[in-house]
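Chain residues, written in single-letter form:
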Amino acid sequence: MKEQERKEKFLTDSDIEIRRVYSKMEVPDEQPGEFPFTRGVQHTMYRSKFWTMRQYAGFSTAEESNKRYHYLLNNGTTGLSVAFDLPTQIGYDSSHPFADGEVGKAGVAIDTLRDMEILFDGIQLENITTSMTINSTASILLAMYIALAKKQGADLKKISGTIQNDILKEYAARGTYIYPPKPSMRIITDIFEYCSKEVPKWNTISISGYHIREAGSTAVQELAFTLANGKAYLQAAIDKGLDINVFAKRLSFFFNAHNNLFEEVAKFRAARRMWATITKELGATDPRAQMLRFHTQTGGSTLTAQQPQNNIPRVTIQALSAVLGGTQSLHTNGFDEAIALPTEEAARIALRTQQVIAYESGAADTVDPLAGSYFVESLTNEVEAAAWDYIKKIDAMGGAVSAIEQGYLQNEIAASAYKYQRDIQSGEKVIVGVNKFTAEEKPLQEVLSIDDSIRQLQINKINNVKAERNNKEVEMTLKSLEEKAKGTDNLMPTILEAVEKYATLGEIADVLRGVFGEFKG
């Protein structure tokens, strides 16, 4: 007699049915480091070098964030990842009325080059890689980073890192946009062009599925919508006359990792194969221009305020999926992040989680360890097929920009988010400690909070900078930026000149607002 199964039907988080057993199937004879890169973008992967252990940090003032960066570097972090506060993300100085109550809360406040100098005090930019999660003001923050590298005497051909710079997902899922889509795409392709000549090791965009997933999408939607956005950036750069074999090498991706271990691994494997196909169809012949390289962050939306220590095993499973899936860099969330910004203890445990996986688990000792698994290979194919179905629909609408303008991506994400919450409320989806295995608990004793007095400190710094700088030169440079924004010149050289003269982020963003207008959504 067969045993009664727990459910009538087992599904992944993307509603792909999971069979009881997977029988022998034909597996492609692919090698890592070779097209279509299903098994990884390097021949040796972690046998040569571990992924970059990158911890996302930034809060309060540049001074406070600088202390956390030194703490992380001293504890074995191999790359920095900068979080910016909301005013910085949407182009307002800390002194702007709209910034009230938000300065230093979601990340670090950066108003001028002076803040960037403090942020990286004692850190040589030539010796680290830095990822900056910034989109609508990415050109300004990148210019500040380049200006600081120049002041340090760094070789700009050697500095490396990433700006997120992915505005399409802001319209679809997150909301920190400033300008309408067309001028935003112009700024992005200006960055592609400028960096290919001046800072060739810089990754000029990190096309983000992370925030699409955080907004409530499924794994399949995250994959499909992210690659559709990537395809739109490729086409925009090609239309500008850029060589796909040059600029596509500096594109990277940013994915989420959730709790369904095998679906996440399948998603990462399918992503590489799909991107290789997309780039090849658009004319890429250099293998490095066909490779999908990606950073992973564990799922913020999966963290619970109830029984927060349960987040430690969640983060471990998610981090393991990224490693088994072949990520190039990884950030692990602190267990307390559903409550507040992570404390030093939580940040250390998160980093140690990566180090235990790297040095103790054996997961990094062979390339693509789950290759040949009937389940994982089958799931990779099914995730890919479902993602292609979405991309075909988006292409039929005229591409990602048009699909976003029509509200298609937003509606699909909203429907998935609604279903997920409904399943939790009904008990169909079990969240340990939330709707099952609940317990009385005491609040965490140590929680990091940001005082509202931070705003006045930032305002004082802005006023000091304005008193010390040559305001006439700033005015002339901003006027030059306005004229160039009205034309077709690349904006990056003038933005760099403006930040070097200590123009504020808000002053630069306001000039571009005046020319391009604001997107109302």
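Higher on the page you've got the structure.
Every chain begins its residue count from 1, and numbering advances along the sequence as written. Where totals are concerned, whole chains, interfaces and linings use all residues; where local detail is concerned, this predicted model gives features only for residues with pLDDT of at least 70, and gives and counts side-chain atom pairs only at 80 or more. Note: side-chain values were computed over all heavy atoms of the structure, leaving out hydrogens and water.

Caption draft 1: Structural view of the overall build of the chain. Counting from the N terminus, the helices are DSSP H or I runs at least four residues long and the strands are E runs at least two residues long. When you go through the chain residue by residue, the secondary structure sums to 20 helices and 9 strands. With respect to the three principal axes, the spread of C-alpha positions in the chain is 85 × 55 × 45 Å. For the chain, the residues scored as buried account for 56% of the 521 residues in total. Contacts were defined at the residue level, with two residues in contact if any of their heavy atoms lie within 4.5 Å. Sequence-distant contacts in the chain: of pairs separated by 6 or more residues, those separated by 24 or more amount to 79%. Computed with the Shrake-Rupley method and a 1.4 Å probe, the accessible areas treat only the protein chains shown as cover for residues. For the chain, the exposed surface amounts to about 21900 Å²; the carbon and sulfur share of it is 50%. A gap of 3 Å separates the mean positions of the 58 positive and 67 negative side-chain charges of the chain. Between buried and exposed lies partly exposed: a residue is buried under 20% and exposed over 50% of the maximum accessible area for its type, with that area taken using a 1.4 Å probe on protein chains only. Within this scheme the basic residues Lys and Arg register as positive and the acidic residues Asp and Glu register as negative, but His and the chain ends are omitted. Charge positions come from single atoms, namely NZ of Lys, CZ of Arg, CG of Asp or CD of Glu.

Caption draft 2: Main features of helix H18 (residues 471-486). If you check H18, its first and last C-alpha atoms are 23 Å apart, about what 16 residues at 1.5 Å a residue would give, namely 22 Å. Where H18 is concerned, the buried positions are Val-474, Thr-477, Leu-478, Leu-481 and Ala-485. Burial along H18 is one-sided: seen end-on, the buried residues are contained in an arc of 100°. Turned more than 90 degrees from where H18 packs its buried face, Lys-472, Glu-475, Met-476 and Lys-486 sit exposed. Structurally, H18 contributes buried residues whose contacts are with helix H6 (181-198), helix H19 (492-500) and helix H20 (505-516). Definition of a polar contact: a pair of N or O atoms within 3.5 Å, with one able to donate and the other able to accept a hydrogen when the atoms are protein atoms, and with sequence-neighbouring residues admitted only if both atoms are side-chain atoms. One side-chain oxygen of the residue at the start of H18 lies 3.2 Å from the amide nitrogen of Lys-472, identifying that residue as Asn-470. Given a helix with a known number of residues, its expected span is that number minus one, times 1.5 Å. By construction, the arc corresponds to the directions joining the helix axis to the C-beta atoms.

Caption draft 3: Region of the structure containing the side chain of Arg-186. Along the polypeptide, Arg-186 turns up in helix H6. From its side chain, Arg-186 meets the backbone oxygen of Lys-484 in a polar contact 3.1 Å long. Not counting residues up to four positions away in its chain, the partners in contact with Arg-186 are Lys-484, Ala-485, Gly-487, Thr-488, Asp-489, Leu-491 and Phe-516.

Caption draft 4: Broad picture of the pattern of salt bridges. By salt bridge we mean one thing: a side-chain nitrogen of Lys or Arg within 4 Å of a carboxyl oxygen of Asp or Glu. The full count for this structure, using the stated rule, is 34 salt bridges. Here Lys-486 and Glu-483 are joined by a salt bridge, their closest N and O atoms 3.9 Å apart. Remark: Glu-483 and Lys-486 occur in helix H18; sequence separation between them is 3 residues, near one turn of the helix. Given a relative accessible area of 42%, Glu-483 falls into the partly exposed group. Salt bridges linked by common partners bring Arg-39, Arg-269, Asp-368 and Glu-377 together as one network.

Caption draft 5: The packing of helix H8 (residues 219-239) against helix H16 (residues 408-426), seen in detail. To get an axis, fit a line to the C-alpha atoms, keeping to the stretch in contact for a helix; angles then go from 0 to 180 degrees between the N-to-C directions. Where H8 meets H16, the axes come as close as 11 Å, and the angle between the chain directions of the two elements is 165°. It follows from the interaxial angle that H8 and H16 lie roughly antiparallel. The hand of the H8/H16 crossing is left-handed. Along its contact with H8, which presents Gln-221, Phe-225 and Asn-229, the element H16 presents Leu-409, Glu-412, Ile-413 and Ser-416. Here is the rule for angles: anything less than 35 degrees is roughly parallel, anything more than 145 is roughly antiparallel, 65 through 115 is roughly perpendicular, and the remaining ranges are oblique. The handedness criterion is simple: a crossing whose near helix is rotated anticlockwise from the far helix by less than a right angle is left-handed, and one whose near helix is rotated clockwise is right-handed.

Caption draft 6: Examining unusual backbone geometry more closely. Here the amide bond leading from Phe-35 into Pro-36 is cis, since omega sits at 5°, within 30 degrees of zero. Tracing the backbone through its elements, the reader meets Pro-36 in the segment before strand E1 (52-57). For Met-45, which is not glycine, the phi dihedral falls at a positive 45°. Relative to the helices and strands, Met-45 resides in the segment before E1. Overall, Met-45 belongs to the buried group, its relative accessible area being 6%.

Caption draft 7: Representation of the packing of H8 against helix H14 (residues 374-396) within the structure. As a packed pair, H8 and H14 sit with axes 8 Å apart at the nearest point and diverge in direction by 45°. By the angle between their directions, the pair H8 and H14 is classed as oblique. Of the two elements, H8 crosses H14, and the hand of that crossing is right-handed. Seen from H8, the contacting residues are Val-220, Gln-221, Leu-223, Ala-224, Phe-225, Leu-227, Ala-228 and Lys-231; seen from H14, they are Val-383, Ala-386, Ala-387, Tyr-390, Ile-391, Ile-394 and Asp-395.

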